[in-house]
Amino acid sequence: MTAFTRIRTGLVALFILLAAGSTQAVTLQDILSEASGLSGVINADIDRRDAQATLARVNEDPLALRIETLQAQHAATLTAAQYEVAVYTAYRDLADAYTSALEAESGLALAESSLALAERNLQVAQIRRDRGAATDLDVRDARNSLEDSETNLSAAQQGVRLAMERLESLVGPVESPLEPVAIIPVGLALPDEAAVEEALQQSPTLLQATQGAELAAASLDVLDPSYAAQQQIDDARVRLEQANEGVREAERALRLQLRSLTDAIERSEAGLAVARDALTNARDREAIEADQLEAGRIAAITFEQTQLATQQAQNALQTAQHDLLLAYLELQAQTGYALEGLNAF
């Protein structure tokens, strides 16, 4: 069973669903729609249009030589493929920045909750010491934990600032809150391996290799013993053999890359399943302890610790969802195969 078959069995579909919230919030789709403004896409578009213009001029030139025409055709094809990759890469980079900002915000909320719990733990430790149920060492430990929480909160606040700065460096100022992203199974099937391998034939890496072989073959073909030295012909033949070997090596490298990409998706799927189970368990435990708290069988501080654990599990699930989304976007960016539903348009 291939990696693609296992993935298709394990995950029927993937779709980006906007979580319920304010209509004024910035969504992932809003961010992805800014892809055309990224420098990589702009530069790739300039190169593409320049190559197309050059090809048009060469095609209109009656004096253009065979090699010159072939080179112009190659440049137009290659820059078109590079532009497509630039767009998909922009989608991946934008989604990475967006999800990183969301995770930073969730991390800040968790740090605030941790600080509040650390403050409560210090209060409890002081009360227990005053009543002879704890020592000064217990209080110092609680105070140290509070100081750690304060440090973590400061780091989380800085993390939010850095994540937003990164996002805004790509799309400009973001004035509204970010809408959470959820991933659910719905109608987007992963393509089979053959379809992706077909798309890989148009990847810039393989195109450059195959175009090099075509150019080497054409360069050999235009040589004739009537006007070219045998050494020149032999050198051209060697270059053709080297170019053909370059094509085989490029194909081998791309197959390995494809396997790595599908393995990454499988790992992300597994991580998502684990995170979902962990959150379910955390919520079940919280529900049980809520009943115990109401019945007076546990202390409030114990329940607050459980609530913090649930929040940690929620953050872990968010990260796992984002990891799977980014794994798919990475597959799209690296293979050039458009995964419908992962793009802005």
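Rules used in this analysis
- Residues numbered from 1 in each chain as written.
- Predicted model: local features only at pLDDT ≥ 70, side-chain atom pairs only at ≥ 80, totals over all residues.
- Heavy atoms only, no water.
- Helix = DSSP H or I, 4+ residues; strand = E, 2+ residues; numbered from the N terminus.
- Expected span 1.5 Å × (residues − 1).
- Salt bridge = Lys/Arg side-chain N within 4 Å of Asp/Glu carboxyl O.
- Buried < 20%, exposed > 50% of the residue type's maximum accessible area, 1.4 Å probe, protein only.
- Axes fitted to C-alpha atoms, helices over the stretch in contact; angles between N-to-C directions.
- Parallel < 35°, antiparallel > 145°, perpendicular 65-115°, else oblique.
- Left-handed = near helix turned anticlockwise from the far one by under 90°.
- Nonpolar A, V, L, I, M, F, W, Y, C, P; charged D, E, K, R; others polar.
- Phe/Tyr/Trp six-rings, centres within 6.5 Å; stacked < 30°, edge-to-face > 60°.
- Lys NZ or Arg CZ within 6 Å of the ring centre and 35° of its normal.
- Core = buried A, V, L, I, M, F, W, Y, C linked by side-chain atoms within 4.5 Å.
- Contact = heavy atoms within 4.5 Å.

Colleague: I'm lost on helix H4 (residues 66-130) in this one. Help?
Modeller: In an α-helix, one turn spans 3.6 residues, which is why side chains three or four residues apart end up on the same side. Between its terminal C-alpha atoms H4 stretches 94 Å, which fits the 96 Å expected from 65 residues at 1.5 Å a residue. Gly132 sits one or two positions beyond H4 and adopts a positive phi of about 80°.

Colleague: When you look at helix H9 (residues 300-335) in this model, what are you seeing that I'm missing?
Modeller: Helix length check: H9, at 36 residues, gives a terminal C-alpha distance of 53 Å against a target of 52 Å (1.5 Å per residue), a fit within 8%. One or two residues past the end of H9 sits Gly336, with phi positive at roughly 80°.

Colleague: Can you help me understand the pattern of salt bridges in this one?
Modeller: Note that side chains of opposite charge can pair when their charged atoms are close. Evaluation of the coordinates by the stated rule reveals 13 salt bridges. Between Asp45 and Arg48 there is a salt bridge; the shortest N-O distance is 2.5 Å. One end of the pair is Asp45 and the other is Arg48, both in helix H3 (residues 39-60) and 3 residues apart, which spans about a single turn. Overall, Asp45 belongs to the buried group, its relative accessible area being 18%. Glu330 is the salt-bridge partner of Arg92, the closest N and O atoms lying 3.1 Å from each other. Of this pair, Arg92 sits in helix H4 while Glu330 sits in helix H9, placing them 238 residues apart in sequence. What you see here is one network of salt bridges that share partners, running through Asp45, Arg48 and Arg49.

Colleague: Even after reading the chapter, I still don't get the packing of H3 against H4, so can you show me in this structure?
Modeller: Between two packed helices, the angle of one axis relative to the other and the distance separating the axes together describe the packing. Across the interface, H3 lies against H4 with an axial gap of 8 Å and an inter-helix angle of 160°. Viewed along their axes, H3 and H4 adopt a mutual orientation that is roughly antiparallel. The crossing of H3 and H4 is left-handed. Considering only residue class, the contact of H3 with H4 consists of 13 nonpolar, 6 polar and 4 charged.

Colleague: Looking at this model, I keep getting lost on the packing of aromatic side chains. Mind explaining?
Modeller: Scanning the model with the defined rule gives 1 aromatic pair in all. Geometrically, the ring pair formed by Tyr88 and Tyr91 is tilted, given 6.4 Å between the ring centres and 40° between the ring planes. Of this pair, Tyr88 and Tyr91 both sit in helix H4, 3 residues apart, which is roughly one turn of that helix. The class of Tyr88 is buried, set by a relative accessible area of 10%. A relative accessible area of 4% places Tyr91 in the buried class. We note Arg48 situated over the ring of Tyr83; from NZ or CZ to the ring centre the distance is 3.9 Å.

Colleague: What is the right way to look at the nonpolar core in this model?
Modeller: Generally speaking, a soluble globular protein has its nonpolar side chains buried in company with each other. Grouped together as the largest cluster of nonpolar side chains are 42 residues, with contacts concentrated most on Leu28, Tyr98, Met164, Leu167 and Leu178. Counting residues per element, the ones that place at least two in this core are helix H2 (28-32), H3, H4, helix H5 (136-171) and H9. The element best represented in this core is H4, accounting for 18 residues. Every residue in contact with Leu178, bar those within four places of it in the chain, is listed here: Val26, Tyr98, Ala101, Leu102, Glu105, Met164 and Leu167. Membership of the second largest hydrophobic core comes to 31 residues, among which are Leu220, Ala236, Ala243 and Tyr328.

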